[in-house]
Amino acid sequence: MPKNNIIEVRNLVKKYKKSKINAVDDISFEVKEGEFFALLGPNGAGKTTTISVLTTTLAKTSGIVNIAGFDLDQNPSQVRESIGVIFQNPSLDKNLTAEENIRFHAILYGLYPFRPTFGLMPKAYKNKVDELAKLLGLEKEIFKPIKTYSGGMKRKLEIVRSLIHKPKIIFLDEPTSGLDPISRKSLWEYLMKVREEEKTTLFLTTHYLEEAEKADRVSIINNGKIVKIGTPSKIKQDLTREILIVDSKKRNALRDELLKNKIKFVENKHFDIDLKNKNAQKIIQSIKVPLSYLRTHTPTLEEAYLEIIRKETNGNEGN
Amino acid sequence: MKEINAIFTIALRDFTKLLRDRTRILASFIFPIIFIGVLGGSLQANLSSDVGYNFLDFVFIGVLGQTLFQSTAAGLISLIEDRENDFSQEIFVSPISRYTIIVGKIIGETLVALTQTLGIIVFGIIIGVPFGLSNMISLFPAALAAAFLGGSFGVLVLANLGAQRSANQIFPFLIFPQFFLAGVFNPIKTLPPVLHQISRMVPMTYAVDLFRSIYYYGTPEYDKVVLFDPLFDLLIIGVMSTIFIVIGTYLFVRNERNK
């Protein structure tokens, strides 16, 4: 494996016991060290399944996964030490205070010895908690049960908690689902800051396009398969093709003429002509039939994404 | 060392949760008090002269063993609850052995059960059961053994149950028959052949008998009340616990990951 690949996934398949189809269906990809990688797809596409396998909480059906230089099957413990995970559902203990949640994590990861109370913990730990509380703006609340925290605060606390053992990779499974726009924005600002300071590799799953656009590379997943993979701008370029839309009162004549001139088109409401490697002006000049409708259209990335998901879904149903 | 620290941390969490849940503390006293006060009291008044020993004491000691066993077993089921409110994910992605998780959980629930037992002892002393500090000291190892057996039994049950709801429905069926087969309230010294066989197979029997064999040791009632030598009880508890924990943890981890 090339040295700078921190995640390598080869032909990963996961089929749930009670299911007939593969939830993750033979996917392969790699993530470079320090990269921000996003797995984008609709609900049920296989995002959480993929992340569960990668974080050792779910056994795969077949394939090879290598994380931070460790094989998932042979060294699960070393894999766990190298990663931090933010789960889709909050994984804080509501009966404990924020500090107790942090302490629980820190001791489980072997950072500090066990002591029954905060007061007896080593000085280094206390300083760390102070620092984290300041960072979160929770100086007063850190010793209060997290029942009293807002959704956004809880998320931040989980991220802070997952960072204290200095993981090489952070997995975030739809971290902003269920958050209001303001909490979402502030969470992202925080994440970007963390990334800049710690140079941590980020592995994100999301169904929000605008979140995926922040990533270095995006992989679109649907029905357990990777549909597209590349930088957001490359995907944008590939997906958002300009089309020329024309129509005429004499539709049959227009169709014949397009066919005769060997111009490829799709007949929807009007005639859609893909403009890839073509010149709109030349196409229009070649049409003699009087046109009743003429315009060009560049789909937004979102339209393109929806289109690709729709096509894939229909295609698979056809099989 | 890291694993030991993790065991303590997991254990402390369960204990902390108990201390913050006052309803649970109160609720845990109600059944034992009914069992000892009502069952023990009424049987003592009506049957004691026939069997030749004090029934209230008999039930009280039995309930101690039963509570430690049952409370720890029920506590282990809370790993399912964790899974449902997703805290268990945090535990299961951490780089510690799966056995550490289970052992930590058993120790935590043992602490919880011991706290509950303390309340029952106070109640026993109030209603006049002869129970002193020396009994508490001599029964302490038995308490740990009974709780450990209950905990490992809980792991085995846990490994075979899918969701919290089914656990809450099935668990009583696995526990209540053991009350009677283990002779918590009823003498089981002599039983019809089939019942005798089953009674000697259920784990709670050995938890309860260990308590009685130590409490009645050297007293005239010993032969009438006790089934086995305390060391034999301890041996069976050791063997059963080991088998339950090994198989239970293996199945639990496998079922968690192989969905």
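Residue positions are given per chain, counted from 1 along the sequence in the order it is written. Chain letters start at A and ligand numbers start at 1, both assigned in the order the entries are written. The predicted nature of this model means local features are confined to residues of pLDDT at least 70 and side-chain atom pairs, given and counted, to a pLDDT of 80 or more, with totals for whole chains, interfaces and linings taken over all residues. As a rule here, side-chain values come from all non-hydrogen atoms in the structure, and water together with hydrogens is ignored.

## Focus on the overall build of chain A
Line of reasoning, step 1. Looking only at helices and strands, chain A features eleven helices and 14 strands.
Line of reasoning, step 2. The globule rule is 2.2 Å times the number of residues to the power 0.38, and the radius of gyration it is compared with is taken over C-alpha atoms. Taking 2.2 N^0.38 as the reference for a compact globule, 319 residues should give roughly 20 Å; the C-alpha atoms of chain A span a radius of gyration of 25 Å, well beyond that estimate.
Line of reasoning, step 3. In terms of its C-alpha atoms, chain A occupies a principal-axis envelope of roughly 90 × 40 × 40 Å.
Line of reasoning, step 4. Each of the 319 residues in chain A was classed as buried or not, and the buried ones make up 49%.
Line of reasoning, step 5. In this description, contact between two residues means that some pair of their heavy atoms is separated by no more than 4.5 Å. Within chain A, contacts between residues at least 6 apart in sequence are counted, and of these 67% link residues at least 24 apart.
Line of reasoning, step 6. Using a 1.4 Å probe, accessible areas were evaluated by the Shrake-Rupley method; residue-level cover was limited to the displayed protein chains. Just so you have it, chain A exposes about 15900 Å², and 51% of that area is on carbon and sulfur atoms.
Line of reasoning, step 7. Note that His is not counted, nor are the chain ends; the positive residues are Lys and Arg, and the negative ones are Asp and Glu. Where a charge lies is defined by one atom per residue type: Lys uses NZ, Arg uses CZ, Asp uses CG and Glu uses CD. Across chain A, 54 positive and 41 negative side-chain charges occur, with their mean positions spaced 2 Å apart. Secondary structure is summarised from DSSP: a helix means a run of H or I of at least four residues, a strand means a run of E of at least two, and numbering begins at the N terminus for each. Relative accessible area decides the class of each residue, using a 1.4 Å probe on protein chains only: under 20% of the type maximum gives buried, over 50% gives exposed, and in between gives partly exposed.

## Focus on the overall build of chain B
Line of reasoning, step 1. When you go through chain B residue by residue, the secondary structure sums to twelve helices and zero strands.
Line of reasoning, step 2. Written out in order from the N terminus, the α and β elements of chain B read α-α-α-α-α-α-α-α-α-α-α-α.
Line of reasoning, step 3. Relative to the compact-globule value of 18 Å for 259 residues, chain B shows a C-alpha radius of gyration of 18 Å, a close match.
Line of reasoning, step 4. When the backbone C-alpha atoms are referred to their principal axes, chain B occupies close to 60 × 40 × 35 Å.
Line of reasoning, step 5. Taking all 259 residues of chain B together, the buried fraction comes to 54%.
Line of reasoning, step 6. Restricting to contacts in chain B with at least 6 residues of sequence separation, those with at least 24 account for 77%.

## Thoughts on the domain arrangement of chain A
Line of reasoning, step 1. Boundaries between domains were set according to an automatic or database domain assignment. Per the domain assignment, the segments of chain A are domain 1 (5–235) and domain 2 (241–298).
Line of reasoning, step 2. Between the C-alpha centres of domain 1 of chain A and domain 2 of chain A the distance comes to 48 Å.

## What to know about the interface of chain B and chain A
Quite often, the size of an interface is put as the accessible area lost when its parts meet.
Line of reasoning, step 1. Each partner contributes to the interface: chain B provides 27 residues, whereas chain A provides 37 residues.
Line of reasoning, step 2. When the two sides are added together, the surface that chain B and chain A hide from each other amounts to roughly 2900 Å², 58% of it contributed by carbon and sulfur.
Line of reasoning, step 3. Once two parts are brought into contact, the accessible area they lose, counted with a 1.4 Å probe and summed over both, makes up the buried area. Considering only the side of chain B, the residues that lose the most area to chain A are Glu90, Val93 and Arg257 of chain B, jointly responsible for 23% of the buried surface there.
Line of reasoning, step 4. In what follows, salt bridge is the name for a side-chain nitrogen of Lys or Arg lying within 4 Å of a carboxyl oxygen of Asp or Glu. One salt bridge in this structure joins Glu81 of chain A and Lys2 of chain B, with 3.0 Å as the shortest N-O distance.
Line of reasoning, step 5. The definition of a polar contact used here is a pair of N or O atoms within 3.5 Å, where within protein one atom must be able to donate a hydrogen and the other to accept one, and adjacent residues in sequence count solely through side-chain atom pairs. Summed over the shared surface of chain B and chain A, the number is eight residue pairs in polar contact (both at pLDDT 80 or more).
Line of reasoning, step 6. Of all the secondary structure elements, the ones that give two or more residues to the side of chain B that touches chain A are helix H1 (2–19), helix H5 (87–92) and helix H12 (230–257) of chain B.
Line of reasoning, step 7. No other element matches H1 of chain B, which puts ten residues into the side of chain B that touches chain A.
Line of reasoning, step 8. Residue classes follow a fixed rule: Ala, Val, Leu, Ile, Met, Phe, Trp, Tyr, Cys and Pro count as nonpolar, while Asp, Glu, Lys and Arg count as charged, and any other residue, Gly among them, counts as polar. The class makeup of the residues in the side of chain B that touches chain A is ten nonpolar, seven polar and ten charged.

## Concerning the sheet that holds strand S3 (residues 36–40) of chain A
All names here are of chain A.
Line of reasoning, step 1. The six strands lie next to each other as S6-S7-S8-S3-S9-S10, forming an open sheet whose pairing is mixed. Of all the strands in the sheet, just strand S6 (83–86) and strand S10 (225–230) have a single pairing partner and so form its edges. The mean angle between the axes of side-by-side strands here comes to 15°, regardless of whether they run parallel or antiparallel.
Line of reasoning, step 2. Inspection of the sheet shows strand S9 (residues 217–222) paired to S10 by five bridges, in the antiparallel sense. Each residue of the ladder has a partner; that of Asn222, found in S10, is Lys225. Strand pairing is assigned whenever DSSP identifies at least 2 bridges connecting the two strands. Geometry is summarised by axes, namely lines fitted to C-alpha atoms with helices restricted to the contacting stretch, and by angles between N-to-C directions that run from 0 to 180 degrees.

## Describing the confidence of the model for chain B
All names here are of chain B.
Line of reasoning, step 1. For every residue, the predictor assigns a confidence score, pLDDT, that lies between 0 and 100. Looking at chain B, the pLDDT average stands at 88 and 98% of residues meet or exceed 70.
Line of reasoning, step 2. Per-residue pLDDT, averaged within each element of chain B, yields its smallest value for helix H4 (residues 78–84) (75) and its largest for helix H10 (residues 204–215) (95).
Line of reasoning, step 3. Two summary scores accompany this predicted model of the complex, namely pTM at 0.82 and ipTM at 0.82.

## Let's talk about the sheet that holds strand S5 (residues 70–71) of chain A
Residue and element names in this part refer to chain A.
Line of reasoning, step 1. On the basis of which strands lie adjacent, the open sheet formed by four strands has the order S2-S1-S4-S5 and antiparallel pairing. In this open sheet, the two strands that pair with only one neighbour each are strand S2 (24–32) and S5.
Line of reasoning, step 2. The pairing of strand S1 (residues 5–14) with S2 spans seven bridges and is classified as antiparallel. Counterpart to Lys14 in the pairing with S2 is Val24.

## Some details on the environment of Ile226 of chain A
Residues and elements named next belong to chain A.
Line of reasoning, step 1. Locating Ile226 in the fold gives a position in strand S10.
Line of reasoning, step 2. Note: C-alpha distance between Ile226 and Met121 (105 residues apart in sequence) is 47 Å.
Line of reasoning, step 3. Ignoring anything within four residues of it in the chain, the contact list for Ile226 reads Ile27, Ser28, Phe29, Ser219, Ile220 and Ile221.

## With respect to the nonpolar core
Residues and elements named next belong to chain A.
Line of reasoning, step 1. Among the buried residues, those of types Ala, Val, Leu, Ile, Met, Phe, Trp, Tyr and Cys that are joined through side-chain atoms within 4.5 Å form a nonpolar core. Counting residues in hydrophobic clusters, the biggest one holds 104 residues, and the most contacted among them are Ile7, Leu54, Phe171 and Phe203.
Line of reasoning, step 2. When sequence neighbours within four positions are dropped, the list of residues in contact with Leu54 reads Ile7, Val9, Leu12, Phe29, Val65, Ile67, Leu72, Val79, Ile83, Phe171 and Phe203.
Line of reasoning, step 3. Among the nonpolar cores identified, the runner-up in size contains 50 residues, and Ala38, Trp188, Leu204 and Ile308 belong to it.

## Here we look at helix H6 (residues 181–198) of chain A
Residues and elements named next belong to chain A.
Line of reasoning, step 1. What a helix should span is 1.5 Å times the count of its residues minus one. When the terminal C-alpha atoms of H6 are compared, their 25 Å separation across 18 residues agrees well with the 26 Å that a helix rising 1.5 Å per residue should span.
Line of reasoning, step 2. Close packing links the buried residues of H6 with S3, helix H4 (123–136), helix H5 (151–163), strand S7 (169–173), strand S8 (201–206) and helix H7 (209–212).
Line of reasoning, step 3. Residue Asp180 occupies the N-cap position of H6, its side-chain oxygen lying 3.1 Å from the main-chain nitrogen of Ile182.
Line of reasoning, step 4. One or two steps after H6, the chain reaches Lys199, where phi turns positive at roughly 55°.

## Considering H12 of chain B
Line of reasoning, step 1. The end-to-end C-alpha separation of H12 of chain B is 40 Å, in line with the 40 Å expected for 28 residues at 1.5 Å each.
Line of reasoning, step 2. The N-cap residue of H12 of chain B is Asp229 of chain B: its side-chain oxygen and the backbone nitrogen of Leu231 of chain B are 3.0 Å apart.

## Some remarks on the side chain of Thr16 of chain B
Line of reasoning, step 1. Considering the arrangement of structural elements, one finds Thr16 of chain B in helix H1.
Line of reasoning, step 2. Engagement of the side chain of Thr16 of chain B in a polar contact is seen with the backbone oxygen of Leu12 of chain B, the distance being 2.6 Å.
Line of reasoning, step 3. Not counting the four nearest positions on each side in its chain, Thr16 of chain B is found in contact with Leu96 and Glu100 of chain A.

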